[in-house]
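# Observations on the model geometry
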Number of protein chains: 2
Amino acid sequence: MAQSDTVDRILDAAEELFAERGFSETSLRMITSKAKVNLAAVNYHFGSKNALIHAVFGRFLTPFSATLEKAFDELEVRCDGKPPTLNQTLWVLTESAVRMPQRNEKGISIFMRLLGLAYTQSQGHLRKFLEQEYSEPFSRFMRLLKEATPQLSAVDRYWRIQFMLGATAFTMSSSDALQDILRNKLGVDTTVQEIAARLVPFLAAGMQAQDALLAPRAESKIPVA
Amino acid sequence: MAQSDTVDRILDAAEELFAERGFSETSLRMITSKAKVNLAAVNYHFGSKNALIHAVFGRFLTPFSATLEKAFDELEVRCDGKPPTLNQTLWVLTESAVRMPQRNEKGISIFMRLLGLAYTQSQGHLRKFLEQEYSEPFSRFMRLLKEATPQLSAVDRYWRIQFMLGATAFTMSSSDALQDILRNKLGVDTTVQEIAARLVPFLAAGMQAQDALLAPRAESKIPVA
DNA sequence: GTCTGTTTGAAACATACGTTTGAAGCACAT
DNA sequence: ATGTGCTTCAAACGTATGTTTCAAACAGAC
């Protein structure tokens, strides 16, 4: 069977297990037994566990970043000259994510969960890998955000972007569990698309909130250090 | 020295290392050597590594939840009858966190980072422990949120609360790294207090955003499944 | 001092991990 | 058929982990 589907089977299993359990909590033996391949296959095809982690990210991040670039291009054409609004920028991002061709029905939530883990689990090697591989679409997104929120100071913008990332990564990364809870509690079904549709207005409103450091109640103000 | 400070030395070291590196990435040998105690001391005093993790959380979560209960009591008195506003509720929460007596200068960020990890690293035993130990202040907070946002549907409120939790847990769990980046990029120093002061308005604005499912641009709308 | 219960210490235990090895299996060109 | 290059396989390697063991050290009561 051509260059053997071993590589893909490993990637599929690794992706799912990493998303479920994190990186250090997932052993090569779990991966290879789920993928039904020999233990040595990972080191043979990828070289090391860390390299496998990089490959898992590369497999979905490379096409995603291409899709995103194109979507940003279209957006800028559509806006000819004028900088896109915050809402437009956020929508383009979430649409690109949601529209990515999925390997299976869990695709989008695995995708999100992995992104969240990449930020959260301070695996030095991963962060370095992502920075040098995907710095371009990332900084382009940042530039668009900057142009869409000229009223914010650089520091305010920086932190609010982190808040957005957090809300997104966290929600999407546990979207399965959260959907289950909601179904049990309120008997409502939700798709990832609907979650995204709820998330974007939340983020946009947060980004455009009034100046951050004007505390709302004098007696409630936190003393500055 | 009384019942020996071994227990506290272990807790101090464990707390710091867990916050820095996560749970599975921190070995008992790292902890005991940092604490300058014998390896066996952990299992002697705590029983197991998992029990040590619970003890680390218990040590700061129990006083925190007491502080929080009192703060909620005061808030409700201050509002006599009327339900507290969203801003008030969020401020009371962050103030209670920020004002907790700190063991050292890193106290608050360790505190936050651990809370973030607790949500993020899906350690089953930890989640179960936290749920059955601290369900009361948690559900009280939820009740206050509900009363503060009567205009939201239950489903909207549910998702927006998840967004808030995500933004908070994520930001706080990597607050050190994020502060470093900001220092290198813009040469600005930030305290955890300031992060909290920026976070609250962001969250409040997001919670009170216009109805979630009115998409902003027709041609950008995500097709409903 | 001597006994008693608790705490510490060095060493070992069993297990799990990532990685390496070298033989076997396989497809395919010659 | 034979040789060649790639892939699979079972087994082992070395190291690190959480936990247990049991003797030594210690503190306080008598």
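Our structure's up above, just so we're on the same page.
On a predicted model such as this, the values are computed, not experimentally measured, just so you know.

## Details of the overall build of chain A
The helix and strand inventory of chain A stands at ten helices and zero strands. Going residue by residue from the N terminus, the α and β elements of chain A occur as α-α-α-α-α-α-α-α-α-α. For chain A, with 225 residues in total, the buried portion stands at 53%.

## What to know about the layout of surface pockets
In this structure, the second largest pocket spans a volume of roughly 1300 Å³. Of all elements in the fold, only helix H4 (49-78), helix H5 (86-99), helix H6 (107-120), helix H7 (124-148), helix H8 (154-173) and helix H10 (192-207) of chain A together with helix H10 (175-186) of chain B reach the threshold of two or more residues within the lining of the second largest pocket. Per-class residue counts for the lining of the second largest pocket are 29 nonpolar, six polar and six charged.

## Thoughts on the protein's contact with DNA strand D
Near DNA strand D you find 16 residues, and of these Thr6(A), His45(A), Leu28(B), Arg29(B) and Lys49(B) are the closest. When the atoms of DNA strand D within 4 Å of the protein are sorted by group, sugar and phosphate make up 49%. Residue Ser27(B) places a side-chain N or O atom 3.3 Å away from a phosphate oxygen belonging to DNA strand D. Asn43(B) has a polar side-chain atom sitting 3.2 Å from a phosphate oxygen of DNA strand D.

## Describing unusual backbone geometry
All names here are of chain A. The phi angle at lysine 36 is positive, at roughly 55°, despite the residue not being glycine. Summarising the element assignment, lysine 36 is placed in the loop between helix H2 (28-35) and helix H3 (40-45). Classification of lysine 36 by relative accessible area gives exposed; the value is 72%.

## Focus on the nonpolar core
Counting 141 residues, the largest nonpolar core has Leu52(A), Phe57(A), Leu52(B) and Phe57(B) as the members making the most contacts within it. When neighbours within four sequence positions are excluded, Leu52(B) is seen to be in contact with Ile10(B), Leu11(B), Ala14(B), Phe18(B), Leu28(B), Ile31(B), Val42(B) and Phe46(B).

## Some points on the packing of aromatic side chains
Residue and element names in this part refer to chain A. Within this structure, the stated rule accounts for 19 aromatic pairs over all chains. Seen from their ring centres, phenylalanine 23 and phenylalanine 57 are 6.0 Å apart, and the 45° between their planes marks the pair as tilted. Of this pair, phenylalanine 23 sits in the loop between helix H1 (6-21) and H2 while phenylalanine 57 sits in helix H4, and the two are 34 residues apart along the sequence. Exposure class is identical for phenylalanine 23 and phenylalanine 57. Each is buried. Where phenylalanine 64 meets phenylalanine 111, the ring centres are 5.1 Å apart and the plane angle is 80°; that geometry is what we call edge-to-face. In this pair, phenylalanine 64 is assigned in helix H4 and phenylalanine 111 in helix H6, connecting sequence segments 47 residues apart.

## Notes on the interface of chain B and chain A
At the junction of the two partners, chain B supplies 64 residues and chain A supplies 65 residues. Approximately 5700 Å² of surface area, both sides summed, lies buried where chain B meets chain A, with 70% of it carried by carbon and sulfur atoms. In this structure, the connection of chain B to chain A is made through two salt bridges. Put simply, chain B and chain A have four residue pairs in polar contact (both at pLDDT 80 or more) between them. Counting only elements with at least two residues in the side of chain B that touches chain A, the list comes to helix H5 (86-98), helix H6 (107-120), helix H9 (154-173), H10 and helix H11 (192-207) of chain B. Partitioning the side of chain B that touches chain A into residue classes produces 34 nonpolar, 17 polar and 13 charged.

## Digging into empty space enclosed by the protein
All names here are of chain A. Under the definition given, this model contains one cavity of 30 Å³ or more. Estimates place the volume of the largest cavity at around 30 Å³. Mapped onto the lining of the largest cavity, the elements with two or more residues apiece are H5 and H8. It is H5 that provides the largest number of residues to the lining of the largest cavity, a total of three residues. Classifying every residue of the lining of the largest cavity gives five nonpolar, two polar and no charged.

## Thoughts on the protein's contact with DNA strand C
Around DNA strand C lies a shell of 16 residues, among which Leu28(A), Arg29(A), Lys49(A), Thr6(B) and His45(B) are the nearest. When atoms of DNA strand C within 4 Å of the protein are split into backbone and base, the sugar-phosphate part holds 47%. Take His45(B): an N or O atom from its side chain is 2.7 Å from a phosphate oxygen of DNA strand C. For the surface near DNA strand C, the secondary structure elements donating two or more residues are H2 and H3 of chain A together with helix H3 (40-45) of chain B. Sort the elements by how many residues they give to the surface near DNA strand C and H3(B) lands first, with three residues. Looking at the surface near DNA strand C residue by residue, the class counts come to five nonpolar, eight polar and three charged.

## Quick word on the pattern of salt bridges
By the definition in use, this model includes 25 salt bridges over all chains. Between Glu76(A) and Arg143(A) there is a salt bridge, with its nearest N and O atoms 3.7 Å apart. Here Glu76(A) is found in helix H4, whereas its partner Arg143(A) is found in helix H7, with 67 residues between them in sequence. Here Arg143(B) ties to Glu147(B) by a salt bridge, and the two come within 3.2 Å at their closest N and O atoms. Of the two residues, Arg143(B) and Glu147(B) both sit in helix H8 (residues 135-148), four residues apart, roughly one turn of that helix. One salt-bridge network, held together by shared partners, links Glu69(A), Asp73(A), Glu76(A), Arg140(A), Arg143(A) and Glu147(A).

Rules used throughout
Residues numbered from 1 in each chain as written. Chains lettered and ligands numbered in written order. Predicted model: local features only at pLDDT ≥ 70, side-chain atom pairs only at ≥ 80, totals over all residues. Heavy atoms only, no water. Helix = DSSP H or I, 4+ residues; strand = E, 2+ residues; numbered from the N terminus. Buried < 20%, exposed > 50% of the residue type's maximum accessible area, 1.4 Å probe, protein only. 1 Å grid on protein atoms, 1.4 Å probe; cavity = no way out; pocket = protein on both sides within 12 Å on 5 of 7 lines; lining within 4 Å. Points joined across faces, edges and corners; volume = space filled by probe spheres on them. Nonpolar A, V, L, I, M, F, W, Y, C, P; charged D, E, K, R; others polar. Near = heavy atom within 4 Å. Polar contact = N/O pair within 3.5 Å; in protein donor to acceptor, adjacent residues only side chain to side chain. Core = buried A, V, L, I, M, F, W, Y, C linked by side-chain atoms within 4.5 Å. Contact = heavy atoms within 4.5 Å. Phe/Tyr/Trp six-rings, centres within 6.5 Å; stacked < 30°, edge-to-face > 60°. Buried area = accessible area lost by both parts, 1.4 Å probe. Salt bridge = Lys/Arg side-chain N within 4 Å of Asp/Glu carboxyl O.

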